[in-house]
Amino acid sequence: MGKLPHSISSGSQYTHTEWTNSNLDHFHNADQSRHTAERIRAEANLLINERGAVTIQVQQDVNNRLGDRVRDIREWREELKTELDKNEEESEHLEEAMRHLDYAYSQSKRPLQVNIECMNQRENRVGIDQVKDMVDSNLKKENDNIRKYQQLMKVLIEKVEKQIESNKDAQNALSKDLEMKDEAFGIDQVCFVTHNNSSELSLHSGIERVEQAASVPQSWQEYSQSNIRMSKAARELSEENRSAIDSLINDAARDMLNHWNITNREFQQRISETQETHGKLTTHLHLVDKEILEMDCLIDQIRSAKRAKQGPLKVAQTRLKKRSHRPDVESCNDPPHNKLVDEVSTLNDSIILLDQKLTESEAARLDLLSNRQRLENDARVKENSLTIDQSKCMTLRVNFPFNIRCSVSSKRVTRRKYRINADV
């Protein structure tokens, strides 16, 4: 048996009532303690079951939330990756288009060089052929047109360079966002599969008080949406720039070729006109040469006719001289004398008329010689002009020296090569 309570001495005397009350008091205290213990056990069992269920439910809720979060991150990763791929592909298209625009700009220097060479060559025309004709006018228009498209290409090149930078900025934002999503996905994926029996579990006291204030779900989602919107806007502008490049290259090729052909037609017309004029000059030169020969023959004939009058004149004057020695009354103004006087007068008139015609003929011959010289000079001028326009300029302008390597489509970068020949 146990020890007796210290309050009860072995030598003390109690009444039966006290003894009975003491036992009843013990019984009552024991019943109360037992009831309290039973209540506590019942409450503890309820608490254990309830907290167990709550723990399981809370952990399940956390797992569900982590699962939702993992799915959200995966979906946003896919959207970001898809948009990044599209942006990178579009940037490749734009860079390819940029290379073609640079190539087209360098190509535009070729017809410009031909144009300048033609204008410089035509400065070597001489005399009356230094005319401001339609060829000069169209060469000037052609020059202005090429320089206009070169300026448009320069402006577009600068614009595309800025757009390429914008595309790269959008790619960097998407890549950074995607890297953070990848890291967060890995962390939440590990958290999602972590369970009570997982290894490397430990308590981290106070970790729940560490704030996660970098973002909230709405701002977290808006961050990625903003990056995607920025990338899509950049892609739209990039497609517009590629379309502008395609249009500008084709418009430049078509318009420059049109001016090139117009100038070539003016060249051909001018060459034909000059050839026709040169042919007429040659014909007139032959006619003048023929006429000079005929004038030389005529002058010889006039001189011969004039010399032929000397004999009869001498005869007539000699007769008059001799008859002037007739004596006295024999010096008669008879019909022979009158006829001799008339003959001398007629011969002198003939000589005067022949001299006048000789002078006129010689003057006409000199005029023919002068005209022949002018015709020869003009023919040489025309030959020089033909050499410049036909042999020098048109030799350079047989083919239109502007190659388009490709036209960039909005789906894939495809290479096409055009060779545009001028119709000359």
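Along each chain, residue indices are assigned from 1 in the same order as the chain's sequence is written. pLDDT decides what is reported in this predicted model: residues at 70 or higher carry local features, side-chain atom pairs at 80 or more are listed and counted, and totals for whole chains, interfaces and linings draw on all residues regardless. Neither water nor hydrogens contribute to the side-chain values; these are computed over all heavy atoms in the structure.

Structural notes on the overall build of the protein chain
Note on conventions: DSSP H or I runs of at least 4 residues are helices, E runs of at least 2 residues are strands, and numbering of each starts at the N terminus. A tally of regular secondary structure across the protein chain gives five helices and two strands. The order of helices and strands in the protein chain, counted from the N terminus, is α-α-α-α-α-β-β. Atoms counted for the radius of gyration: C-alpha only. Globule rule: 2.2 Å times residue count to the power 0.38. Taken against the 2.2 N^0.38 rule, which gives 22 Å for 424 residues, the C-alpha radius of gyration of the protein chain at 61 Å runs more than 25% over that of a compact globule. Across its three principal directions, the C-alpha atoms of the protein chain cover 240 × 30 × 25 Å. For every residue, the accessible area (1.4 Å probe, protein chains only) is compared with the maximum for its type, and the residue is labelled buried under 20%, exposed over 50%, or partly exposed between those bounds. Sorting the 424 residues of the protein chain into buried and exposed places 31% on the buried side. Contacts were defined at the residue level, with two residues in contact if any of their heavy atoms lie within 4.5 Å. Long-range pairs, those at least 24 residues apart, make up 88% of the contacts in the protein chain with a sequence separation of at least 6. Only the protein chains shown count as cover for residues, and the accessible areas themselves come from Shrake-Rupley with a 1.4 Å probe. Surface exposure of the protein chain reaches about 28,000 Å², of which carbon and sulfur atoms provide 53%. Computing the positive centroid from 64 side-chain charges and the negative centroid from 70, the protein chain places the two 9 Å apart. For the purpose of counting charges, residues Lys and Arg are taken to be positive, whereas Asp and Glu are taken to be negative. His and the chain ends are not included. Where a charge lies is defined by one atom per residue type, namely NZ (Lys), CZ (Arg), CG (Asp) and CD (Glu).

Some remarks on the nonpolar core
The term nonpolar core refers to a set of buried residues drawn from Ala, Val, Leu, Ile, Met, Phe, Trp, Tyr and Cys, joined through side-chain atoms within 4.5 Å. Of all hydrophobic cores here, the largest spans 35 residues; its most connected members are Leu101, Met153, Val160, Ile245, Met256, Phe267 and Phe402. Going through the elements one at a time, α1 (16–122), α2 (134–193), α3 (217–308) and α5 (335–396) are the ones with two or more residues in this core. It is α3 that provides the largest number of residues to this core, a total of ten residues. When residues no more than four places from it in sequence are discounted, the contact partners of phenylalanine 267 are Cys118, Arg122, Val135, Leu139, Asp389, Cys393, Met394 and Arg397. Judged by nonpolar contacts, the second largest core, of ten residues, contains Val70, Ile73, Leu84 and Leu174.

So, the packing of aromatic side chains
Geometry of aromatic contacts follows a simple scheme: Phe, Tyr and Trp rings, the Trp one being its six-membered ring, pair when their centres are within 6.5 Å, and the pair is stacked under 30 degrees between planes, edge-to-face over 60, tilted otherwise. The final tally for this structure, using the stated rule, is two aromatic pairs. Through a chain of ring-to-ring contacts, three or more aromatic side chains come together here, namely Trp260, Phe400 and Phe402. Two conditions define a charge sitting above a ring: the NZ of Lys or the CZ of Arg must be within 6 Å of the ring centre, and it must be within 35 degrees of the ring normal. Residue placement shows arginine 69 over the ring face of tryptophan 220; its charged tip is 3.8 Å from the ring centre. The positively charged end of arginine 397 is found above the aromatic ring belonging to tryptophan 260, 4.0 Å away from the centroid.

Concerning the side chain of arginine 397
Among the secondary structure elements, arginine 397 is positioned in the loop between α5 and β1 (403–404). By the criterion applied in these results, polar contacts are pairs of N or O atoms within 3.5 Å in which, for protein atoms, one can donate a hydrogen and the other can accept it, and in which residues neighboring in sequence qualify only through two side-chain atoms. A distance of 2.5 Å separates a polar atom in the side chain of arginine 397 from a polar atom in the side chain of asparagine 264.

Structural notes on a negative patch on the surface
On the surface, Asp102, Glu158, Glu161, Glu165 and Asp169 cluster together into a negatively charged patch. Looking at which element gives the most residues to the negative patch, the answer is α2, with four residues. Note that glutamate 161 resides in helix α2. Patches here are clusters of residues that have more than 30% relative accessible area and form no salt bridge, with a 9 Å joining cutoff for like charges and a 5 Å cutoff for nonpolar side chains (Val, Leu, Ile, Met, Phe, Trp, Tyr). What makes a salt bridge here is a side-chain nitrogen of Lys or Arg within 4 Å of a carboxyl oxygen of Asp or Glu, nothing more.

What about the environment of isoleucine 302?
For isoleucine 302, the position within the fold is in helix α3. A relative accessible area of 5% means that isoleucine 302 is categorised as buried. When the C-alpha atoms of isoleucine 302 and lysine 86 are compared, they prove to be 102 Å apart, with 216 residues separating the residues in sequence. Setting aside anything within four residues of it in sequence, one finds isoleucine 302 in contact with Leu354, Lys357, Leu358 and Ser361.

Quick look at the pattern of salt bridges
Evaluated as defined, the whole model comprises 33 salt bridges. The partner of arginine 122 in a salt bridge is aspartate 133, and the shortest N-O contact between them spans 2.9 Å. Remark: aspartate 133 occurs in the loop between α1 and α2 and arginine 122 occurs in helix α1; sequence separation between them is eleven residues. Residues joined in a network through salt bridges with shared partners are Arg122, Arg125, Asp133, Asp136, Arg270, Glu273 and Asp389.

Description of the environment of lysine 280
Note that lysine 280 resides in helix α3. On a C-alpha basis, the gap between lysine 280 and leucine 201 in space is 111 Å, while along the polypeptide they are 79 residues apart.

Considering the confidence of the model for the protein chain
By definition, pLDDT measures how confident the predictor is in each residue, and it falls between 0 and 100. For the protein chain, the average pLDDT comes to 87, and 92% of its residues sit at 70 or higher. Put simply, strand β2 (residues 418–419) is where the protein chain has its lowest mean pLDDT, 36, and α3 is where it has its highest, 94. Taken together, the stretch residues 406–424 has pLDDT below 50 and engages in 54 contacts with residues farther than four places along the chain or on a different chain.

Re the packing of helix α4 (residues 310–323) against α5
To obtain each axis, a line is fitted to C-alpha atoms, and for helices this fit is confined to the stretch in contact; angles are then taken between N-to-C directions over 0 to 180 degrees. Relative to each other, α4 and α5 sit at 145°, their axes nearing to 9 Å. Crossing of α4 against α5: the hand is left-handed. Contact with α4, carried on its side by Gln310, Pro312, Leu313, Ala316, Gln317, Arg319, Leu320 and Arg323, involves Pro336, His337, Leu340, Val341, Glu343, Val344, Leu347, Asn348 and Ile351 of α5 and no other residues of that element. Classification used: nonpolar for Ala, Val, Leu, Ile, Met, Phe, Trp, Tyr, Cys and Pro, charged for Asp, Glu, Lys and Arg, polar for all others including Gly. By residue class, the composition of the contact of α4 with α5 is ten nonpolar, four polar and three charged. The sense of a crossing depends on the near helix, which, turned anticlockwise from the far helix by less than a right angle, makes the crossing left-handed and, turned clockwise, makes it right-handed.

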